[in-house]
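Take a look at the letters that make up each chain.
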Amino acid sequence: MDPNGYLYVSEPKHNRVVRFGPALPGDVNGSGEVDQADVAGFVLALLGAPNAPKPIEAADMNGDACLDGEDIDAFLQALLAS
Ligand SMILES: [Ca+2]
Ligand SMILES: [Ca+2]
């Protein structure tokens, strides 16, 4: 995912790169907004649970490519701002 929140998925078979986005940080269920429905998925992603929603990068709030406690604050703020 690039700094603007776009997600790139390459399709070598079709010789192209598909761009998704902009992805909304914290919107782990892809509904277009960060709300209470994202809380469970965010926690699962944070814990690295096998049934976490994909892409788990959606839960990476600060864009440092890892999910950790530093993302919790930003997630809560996005949640409260919704
Ligand atoms: Ca959502
Ligand atoms: Ca992070």
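Please refer to the structure placed before this passage.
Residues numbered from 1 in each chain as written. Chains lettered and ligands numbered in written order. Predicted model: local features only at pLDDT ≥ 70, side-chain atom pairs only at ≥ 80, totals over all residues.

**Student:** Can you break down the overall build of the chain residue by residue, with the values?
**Tutor:** Looking only at helices and strands, the chain features 2 helices and 2 strands. The order of α-helices and β-strands along the chain, N terminus first, is β-β-α-α. Expressed as a percentage of the 82 residues in the chain, the buried residues total 21%. Sequence-distant contacts in the chain: of pairs separated by 6 or more residues, those separated by 24 or more amount to 27%. (Helix = DSSP H or I, 4+ residues; strand = E, 2+ residues; numbered from the N terminus. Buried ≥ 20, exposed ≤ 12 C-beta atoms within 10 Å, placed from the backbone. Contact = placed C-beta atoms within 7 Å.)

**Student:** Which residues make up helix α1 (residues 39–47), and what values do they have?
**Tutor:** Of all the residues in α1, the buried ones are Gly41, Phe42 and Ala45. With its buried residues spanning 100° around the axis, α1 presents them on a single face. If you follow the buried residues of α1, they end up packed against α2 (70–81). Two residues or fewer after α1 comes glycine 48, characterised by a positive phi angle close to 70°. (Arc of directions from axis to C-beta.)

**Student:** Outline unusual backbone geometry, listing residues and values.
**Tutor:** Even without being glycine, asparagine 15 reaches a positive phi, approximately 50°. On the secondary structure map, asparagine 15 appears in the loop between β1 (7–11) and β2 (16–20). Note on asparagine 15: 7 C-beta atoms within 10 Å, which makes it exposed. A positive phi angle, close to 70°, is found at alanine 65, a residue other than glycine. Structurally, the position occupied by alanine 65 is in the loop between α1 and α2.

**Student:** Give me the environment of aspartate 60: which residues, what numbers.
**Tutor:** Relative to the helices and strands, aspartate 60 resides in the loop between α1 and α2. With 23 C-beta atoms packed within 10 Å, aspartate 60 lands in the buried category. Note: C-alpha distance between aspartate 60 and alanine 45 (15 residues apart in sequence) is 9.1 Å. Sequence-distant contacts of aspartate 60, that is, excluding residues within four places in its chain, are made with Pro25, Ala65, Cys66, Leu67 and Asp71.

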